[in-house]
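# Geometric and topological summary
Here is what each chain is made of, one letter per residue.
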Amino acid sequence: MGDIGEHYRNFEHTENYDAVVIGSGIGGLGVAALLASEAGKRVLVLERHTIAGGFTHTFNRKGWEWDTGLHYVGGVQEPNSFLRQIFDHVTQSRLKWQPTGDIVDRIVVGDREFEYLAGQKQWRERMLADFPSEDTAINRFLELVGDTRKQSMSFFGEKAVPAPIALIFGWLMRRGFLKHSDRKLGDVLDTLTDDQMLKAVLSAQYGDHGMPPAQASFAMHAMVFAHYLEGAAYPIGGSAAIAEAISPTIEAAGGRIVVGAEVVEILTAGNRVTGVRMADGRDILCPLVISDVGIPNTAGRLLREGTPGRLQLLEAANAAGPSVGHCCLHIGLEKTAEELKLPMANLWVYPGPDHDANLRHFEADPSAPLPLVFVSFPSAKDPDFERRHPGRATIEVTTFAPYERFSRWQDQPAGRRDEAYVEMKKDLSSRLLQTLYYHVPQVKGEVAFHDLSTPLTTRWFCNYEHGEVYGLNHGPARFRQRALKPKTEIKGLWLTGQDACTAGIAGALLGGVLSASAILGRNLLKTIS
Ligand SMILES: Cc1cc2nc3c(=O)[nH]c(=O)nc-3n(C[C@H](O)[C@H](O)[C@H](O)COP(=O)(O)OP(=O)(O)OC[C@H]3O[C@@H](n4cnc5c(N)ncnc54)[C@H](O)[C@@H]3O)c2cc1C
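Residues numbered from 1 in each chain as written. Predicted model: local features only at pLDDT ≥ 70, side-chain atom pairs only at ≥ 80, totals over all residues. Heavy atoms only, no water.

### Brief notes about the overall build of the protein chain
Looking only at helices and strands, one finds 18 helices and 21 strands in the protein chain. Relative to the 2.2 N^0.38 estimate, which gives 24 Å for 529 residues, the radius of gyration of the protein chain is 22 Å and therefore close to what a compact globule would have. Taking the principal axes of the C-alpha coordinates as reference, the protein chain spans close to 60 × 55 × 45 Å. Put simply, the protein chain has 529 residues, and 61% of those count as buried. Within the protein chain, residue pairs in contact and separated by at least 24 positions form 74% of the contacts whose partners lie at least 6 positions apart. Here the protein chain displays about 20600 Å² of accessible surface, and carbon together with sulfur accounts for 50% of that area. Within the protein chain, one finds 55 positive and 62 negative side-chain charges whose respective centroids are separated by 5 Å. (Helix = DSSP H or I, 4+ residues; strand = E, 2+ residues; numbered from the N terminus. Rg over C-alpha atoms; globule rule 2.2 N^0.38 Å. Buried < 20%, exposed > 50% of the residue type's maximum accessible area, 1.4 Å probe, protein only. Contact = heavy atoms within 4.5 Å. Areas by Shrake-Rupley, 256 points an atom, 1.4 Å probe, with all protein chains shown as cover. Lys, Arg positive; Asp, Glu negative; His and termini not counted. Charge placed at Lys NZ, Arg CZ, Asp CG, Glu CD.)

Take a look at the structure:
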């Protein structure tokens, strides 16, 4: 961890690169690896943070190690799955995955508990056992999910096809998916059932895309649900293993990853990109620049006013809006996951079945019950954890938190924020711990360390202005934005990552595949799988 690439202060820019990628998230590393492996391109990846990987980087405190943005990835437990093949391709099979078992998610709503089992058949049977009179609703939900998934292939594929093809066939490629993405999750659930508890359970993974049923696009929820339906896996070695496994692919073609390397401007001449300007004023010239830093950063911070296409990108970002912020309590324990009997399944805890009302109450009143608490047990999922951290375990406890609640401290330096911030963190930490102890009682008295990250932490290490957990929001308006795709109006400037496709490790990596496909004029989705 932390030793991928070189630091900018040691970086001598003496060579010419074929492409510059801004940001080393999975979308940035993915596109860099594909340009390297598919076209032999020498790619320079510039990362602002001192550790590469974006939301896949891990950090250490007092001998424990935590992930920052990965708890589980769907589909990759199957060696022949589409996503696994992409991962195997960009990592040249260096990355290994640990399946997370038969129970993917445990869901607690009020005083009732449910399980999301791996496998459509198993999931359906368990749901029917919990809701015996709701077979029509459950079957119809699965049908709609299946159709959304099918339609998503051509919808996202269209983002990478050459402009003349998109002009003629684009509407046809988008139409089937838009039918689902234009609808809100809550509206679809209302047509399926009157059972509020079933609605709560079917929308329980809303935390994976960040929007409650009354706001989320049905299509986004359906894609997330489908993503985990057959099971999930965790990268062996922790989420940092992803960047470790991809970087040799980039370096083998002569590319480099440089950390501590903040880009402050994308340089253009007319409507053509010419390179990037670094925070120390140095210019790195290159006719091909790919941005993984999200659209608000790319258009709002890195492109000069008046650059062609900039306003169009900003309009698309505004139409979608920023996703919510989050707080995560990083917990360290001085026993192993096995000794503590920590499960691999994630735990979702909701105070009651109306997710929208729960969130509304919390937004209006910070002392209202936490609308969602997500508990993940990374050391239980990672068979390599014990080797790296003998006798230890970790837990991550997450909740959503509106950025506005934290913005008043944004200009105070991290680690030196005032007493009110410290108190607020203490209060939230203690509420998250209470929830943990209630649902995982065996860890009471075992917590040796904990530290809370807030949306200001996300803002600091990943540069999202509002500490967004998932980049742009995933409401219906997002999927109507034609600018959210790899190609921009500026020749030589391309987008990758979650804003070019969707949030999630899979979504952001697919953003990289679409971006590389569009740049190379080849459908890599077909050739890889
Ligand atoms: C708490 C949390 C939990 C999550 N859990 C899961 C999960 O279990 N499963 C799943 O599939 N997904 C999960 N996600 C979502 C997933 O992590 C993200 O959608 C995905 O990693 C985003 O990748 P990206 O490449 O788009 O961007 P990022 O990972 O955000 O990378 C962007 C990079 O750009 C860098 N950067 C920004 N500005 C500059 C600049 N000016 N110059 C240079 N570099 C810059 C940033 O520092 C950052 O490293 C989670 C996210 C969070 C936050």
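That covers the picture; the talk isn't over yet.
### As for the layout of surface pockets
In this model, the second largest pocket occupies a volume close to 260 Å³. As for the second largest pocket, its lining consists of 15 residues, of which P322, S323, V324, E363 and N473 are closest to the centre. Among the domains, domain 2 (123-230) and domain 3 (325-401 + 407-453) are the pair contributing at least three residues each to the lining of the second largest pocket. (1 Å grid on protein atoms, 1.4 Å probe; cavity = no way out; pocket = protein on both sides within 12 Å on 5 of 7 lines; lining within 4 Å. Points joined across faces, edges and corners; volume = space filled by probe spheres on them. Domains from an automatic or database assignment.)

### What about the sheet that holds strand β13 (residues 272-278)?
What the three strands build is an open sheet, ordered β12-β13-β14; its pairing is antiparallel. Pairing within the sheet leaves two strands with one partner each, and these edge strands are β12 (263-269) and β14 (283-285). Between one strand axis and the next, the sheet turns by 30 degrees as a mean value, whatever way the strands run. Note: β13 against β14, three bridges, orientation antiparallel. Bridge pairing in β14 places V276 opposite I284. (Pairing = 2+ DSSP bridges. Axes fitted to C-alpha atoms, helices over the stretch in contact; angles between N-to-C directions.)

### Structural notes on the sheet that holds strand β3 (residues 43-46)
Across the sheet, which stays open at both edges, the six strands sit in the order β1-β11-β3-β2-β15-β21 with parallel pairing between neighbours. Of all the strands in the sheet, the pair left with one neighbour each is β1 (6-7) and β21 (493-495). Relative to β3, strand β2 (residues 19-22) runs parallel, the two sharing four bridges. The residue bridging I22 from the neighbouring strand is L46, located in β3. Its contacts with the sheet put helix α17 (residues 505-520) on β15 (289-291) and β21, and the angle it makes with β21 is roughly 150 degrees.

### Focus: the pairing of strand β4 (residues 58-61)
As defined by bridge partners, β4 adjoins strand β5 (residues 64-67) across four bridges and the pair is classed as antiparallel. What sits directly across from R61, in β5, is W64. If you look at the hairpin formed by β4 and β5, you'll find two residues sitting between the two strands, and K62 has a positive phi there, around 50 degrees.

### Things to note about the site of the ligand
Taken together, 35 residues lie around the ligand, and E47, G69, H71, Y464 and Q498 are the ones closest in. The side chain of N463 places a nitrogen or oxygen atom 2.9 Å from a nitrogen atom of the ligand. Burial of the ligand by the surrounding chains reaches 97%, relative to a free accessible area of 1000 Å². At the level of elements, α1 (26-39), α16 (455-462) and α17 are the ones that each hand at least two residues to the shell around the ligand. Residue composition of the shell around the ligand, grouped by class: 18 nonpolar, 13 polar and four charged. (Near = heavy atom within 4 Å. Polar contact = N/O pair within 3.5 Å; in protein donor to acceptor, adjacent residues only side chain to side chain. Nonpolar A, V, L, I, M, F, W, Y, C, P; charged D, E, K, R; others polar.)

### Notes on the side chain of D208
Locating D208 in the fold gives a position in the loop between α7 (196-202) and α8 (218-229). A polar side-chain atom of D208 sits 2.7 Å from a polar atom in the side chain of Y72. Apart from residues lying up to four places away in sequence, D208 is in contact with Y72, V224, Y228, W348 and Y470.

### What to know about helix α5 (residues 163-181)
Over its 19 residues, α5 extends only 23 Å from the first C-alpha to the last, a length that falls short of the 27 Å expected when each residue adds 1.5 Å. Its axis deflected by about 65 degrees at F169, α5 carries its strongest bend there. Listing the buried residues of α5 in full gives A166, G170, R174, G176, F177, L178, H180 and S181. If you follow the buried residues of α5, they end up packed against α4 (135-157) and α8. (Expected span 1.5 Å × (residues − 1). Bend = angle between axes of the 7 residues up to and from the residue.)

### With respect to unusual backbone geometry
With phi around 60 degrees, S93 is a residue other than glycine that occupies positive phi space. The class for S93 is partly exposed, based on a relative accessible area of 38%. Here the phi dihedral of N463 falls at roughly 70 degrees; this positive angle occurs in a residue that is not glycine.

### A few points about the pattern of salt bridges
Across all of its chains, the model carries 25 salt bridges by this definition. Residues R48 and E262 are paired through a salt bridge, measuring 3.5 Å at the closest nitrogen-oxygen approach. Taken together, the residues R48 in the loop between β3 and β4 and E262 in the loop between β11 (256-259) and β12 connect sequence positions 214 residues apart. The partner of R388 in a salt bridge is D384, with the nearest N and O atoms 2.9 Å apart. The class of R388 is partly exposed, set by a relative accessible area of 23%. (Salt bridge = Lys/Arg side-chain N within 4 Å of Asp/Glu carboxyl O.)

### So, the packing of aromatic side chains
A full pass over the atoms with the stated rule returns 25 aromatic pairs. Relative to F479, the ring of F177 lies with its centre 5.5 Å away and its plane at 70 degrees, an arrangement referred to as edge-to-face. With F177 in helix α5 and F479 in the loop between α16 and β21, this pair connects stretches of sequence that are 302 residues apart. Just as F177 is buried, F479 falls in that class too. The ring of F479 has R478 lying over it, and the distance from NZ or CZ to the ring centre is 6.0 Å. (Phe/Tyr/Trp six-rings, centres within 6.5 Å; stacked < 30°, edge-to-face > 60°. Lys NZ or Arg CZ within 6 Å of the ring centre and 35° of its normal.)

These values are about where atoms sit, not about what they do.
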